[in-house]
Amino acid sequence: MKQKYRLLSFILAIAMVFSLTNHFTAKADSSVTITLRIEQDESMMAAPVQVTLTDADTQTDYGLGLATGPAAQTATPLHALAKYMRSKGANDSTMDQYIAVDFTYGSAYIKGISAQGKCSEEPYGGSAASGSQDSVYWGFTVNHAAPIDPVGHYGYAADQYILKNNDTVVFYGLWNAWPDETLYSYFDQPSYTTTVGENLSVTLTGSGMAYDEQSNSILYTKAVTGASVVAAEYTTADSMANTQNAVMTVLTDADGKAVLNFKKAGSYVLSAYRKAADGRHYDISRPYARVTVNNKNQFPVKLEDTPKKDTGKTASVTVKKPSKVKKVKAVVKKTKKVKKTVVLSWKKVSKATGYKVYLSKKKNKGYKRKITTKKTKCTIRLKAGTYYVKVRAYKKSGKKTMNGSYSKPLKIKVKKS
């Protein structure tokens with residue numbers, strides 16, 4: 001019996017060796033790709049760029065003193081930042097001029113970032129921001145929030161958080177206003193599409209970190225009010241929007257919303273800034289978003305058929321947007337249930353692909369899409385109350401979608417049983 005157990009132990013040991021070997025072999029081929037961006041005050045130091053990290057990239061200290069070895073085979077935000085700086089000319093001997101890091105307390109405290117290799121100079125590291133002799137606070141977010149360890153409830157350092165594929169990492173430098181508040185800010189969408197002359201609503205949110213009585217980190221968000229949202233023409237990947245090249249500047253309201261209206265079709269980049277009470281320092285990080293503005297009533301559509309004369313250029317046609325939906329009606333069916341069945345119907349729009357139904361509790365704002373259908377009738381269920389409905393047709397051609405105008409708001413009253 002003992003001999004049998006020894007044999008079984010030997011087999012298990014061999015299996016474990018093969019398992020570990022296969023694990024490390026598989027890991028050597030793994031990689032993670034993230035989107036990286038760097039901001040400071042009102043300047044964009046690095047436009048959104050993709051960075052791919054392999055296991056080999058995690059096994060170098062980049063001249064910063066990052067941990068290496070089997071226990072350190074994880075990609076972190078600091079690895080991604082260092083690899084990006086290599087593309088800007090940094091090497092292991094000069095990396096400390098591109099990224100200034102302090103490991104005094106065991107994890108990475110970033111003191112400066114410079115894509116030009118000038119961390120020893122102001123305002124990139126140590127002691128200046130916005131032309132003053134105030135310290136710079138360098139923070140980072142992953143997917144628009146400072147990452148927090150779910151077990152220890154502390155904020156991860158840049159060399160601790162384990163990156164996941166498709167993460168978005170933003171490093172940002174702001175005036176260190178402690179104990180005053182500074183916020184990382186971001187738009188509600190990374191990209192928008194609108195039409196010349198139509199209002200485009202964007203929302204700016206701020207993300208911050210507080211601490212409870214046990215010193216646990218707590219994330220919070222709030223609307224960024226009174227910020228200047230700026231739009232500029234997008235011409236290259238490094239295009240940025242600031243006060244010097246802005247084609248439009250709009251302040252955010254009490255809900256963090258700003259309404260933009262473009263007079264010219266094209267591609268634009270959005271950002272925003274807000275200054276502290278002293279009028280010199282910025283108290284929010286720069287957000288980033290793209291906007292595509294189409295001409296009214298038309299957009300280019302690629303033709304599948306080859307033209308008789310092949311000029312080497314992509315042919316296009318002008319496609320008109322669908323007509324306005326008319327004669328929207330609503331029938332509320334009687335029932336003792338809490339939610340009532342409401343049947344909506346409208347007149348057919350010629351050549352429309354389908355229809356989008358929007359619902360709100362207010363007549364002139366707050367509409368949200370409820371249903372998309374290819375029919376001229378749909379059913380929804382609503383609790384007692386007063387609602388407003390709008391419908392608009394849409395037409396698809398290839399990957400493009402052209403929306404028609406909204407119908408007039410239809411008031412619906414749903415009574416209690």
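All of these numbers come straight from a predicted model, not from anything done at the bench.

Here is what the cut-offs are and how they apply
Residues numbered from 1 in each chain as written. Predicted model: local features only at pLDDT ≥ 70, side-chain atom pairs only at ≥ 80, totals over all residues. Heavy atoms only, no water. Pairing = 2+ DSSP bridges. Helix = DSSP H or I, 4+ residues; strand = E, 2+ residues; numbered from the N terminus. Phe/Tyr/Trp six-rings, centres within 6.5 Å; stacked < 30°, edge-to-face > 60°. Buried < 20%, exposed > 50% of the residue type's maximum accessible area, 1.4 Å probe, protein only. Lys NZ or Arg CZ within 6 Å of the ring centre and 35° of its normal. Salt bridge = Lys/Arg side-chain N within 4 Å of Asp/Glu carboxyl O. Core = buried A, V, L, I, M, F, W, Y, C linked by side-chain atoms within 4.5 Å. Contact = heavy atoms within 4.5 Å. Axes fitted to C-alpha atoms, helices over the stretch in contact; angles between N-to-C directions. pLDDT = per-residue confidence, 0-100. Patch = residues over 30% accessible without salt bridge, like charges linked within 9 Å, V, L, I, M, F, W, Y side chains within 5 Å. Areas by Shrake-Rupley, 256 points an atom, 1.4 Å probe, with all protein chains shown as cover. Lys, Arg positive; Asp, Glu negative; His and termini not counted. Charge placed at Lys NZ, Arg CZ, Asp CG, Glu CD.

Both strand β3 (residues 99–102) and strand β4 (residues 109–113) contribute to a ladder of 4 bridges, which runs antiparallel. Residue pairing in the sheet places A100 in a bridge with G112 of β4. If you look at the hairpin formed by β3 and β4, you'll find 6 residues sitting between the two strands, and G106 has a positive phi there, around 95°.

Glancing now at the packing of aromatic side chains. All told, the structure shown has 9 aromatic pairs when counted by the stated rule. Seen in terms of ring centroids, Y273 and Y282 are 6.2 Å apart; in terms of plane orientation they differ by 85°. Their pairing is edge-to-face. The same class applies to Y273 as to Y282, namely buried. Cluster of aromatic residues (ring-pair linked, three or more members): Y154, Y156 and Y161. Here the basic side chain of R290 rests over the ring of Y234, its NZ or CZ set 3.4 Å away from the ring centre. Lying across the ring of Y406, K390 places its NZ or CZ 5.3 Å from the centre.

Another point: the pattern of salt bridges. This model, assessed by the stated rule, comprises 6 salt bridges. Between R286 and E39 there is a salt bridge, and its shortest N-O distance comes to 2.7 Å. A residue pair is termed long-range when its members are at least 10 positions apart, and R286 in the loop between β14 (266–273) and β15 (289–294) and E39 in strand β1 (residues 31–40) qualify at 247 residues. E39 carries the same exposure label as R286, and that label is buried. The partner of K83 in a salt bridge is D57, with the nearest N and O atoms 2.8 Å apart. Here the residue K83 occupies a position in helix α2 (residues 77–87), and D57 occupies one in the loop between β2 (43–54) and α2, the gap between them amounting to 26 residues. Given the relative accessible area of 28%, K83 is considered partly exposed. Judged by relative accessible area, D57 falls into the buried class, the value being 11%. Sharing partners across several salt bridges, the network here consists of R37, E39 and R286.

One broad rule of soluble globular proteins: the nonpolar side chains tend to lie buried together. Membership of the largest hydrophobic core comes to 35 residues, with the highest contact counts inside it found for I38, M85 and F171. Per element, the largest residue contribution to this core is 6 residues, and it comes from α2. Once you skip the residues sitting within four places of it in the chain, F171 turns out to touch L36, R37, I38, E39, P77, L78, L81, I110, I113, G139, F140 and A158. One finds L183, Y192, V224 and V250 within the second-largest nonpolar core, a separate group that totals 23 residues.

The strands making up a sheet are joined through hydrogen bonds of the backbone, oriented either antiparallel or parallel. With mixed pairing, the 4 strands of this open sheet are ordered in space as β2-β1-β6-β5. Either end of the sheet is taken by a strand with one partner, and the two such strands are β2 and β5 (136–142). Pairs of neighbouring strands in the sheet enclose a mean axial angle of 20°, with direction left out of account. When β1 meets β2, the two strands line up antiparallel, connected through 9 bridges. Note on β2: the bridge partner recorded for I34 is V51. Packed on one face of the sheet, α2 meets β1, β2, β5 and β6 (168–175) and runs near 105° to β2.

Per-residue pLDDT for the protein chain averages 81, and the proportion of residues at 70 or more is 83%. Contacts for the low-pLDDT stretch residues 1–29, under 50 throughout, to residues beyond four places or in other chains number 5 contacts. A low-confidence stretch, residues 127–133 stays under pLDDT 50, and its non-local contacts, those more than four residues away or across chains, total 23 contacts.

Side chains of K324, K326, K327, K329, K347 and K408 sit close together on the surface and give a patch of like positive charge. Take K326: it is sitting in the loop between β17 (316–318) and β18 (329–332). A residue is classified by how much of its surface remains accessible, and K326, at 56% relative accessible area, is exposed.

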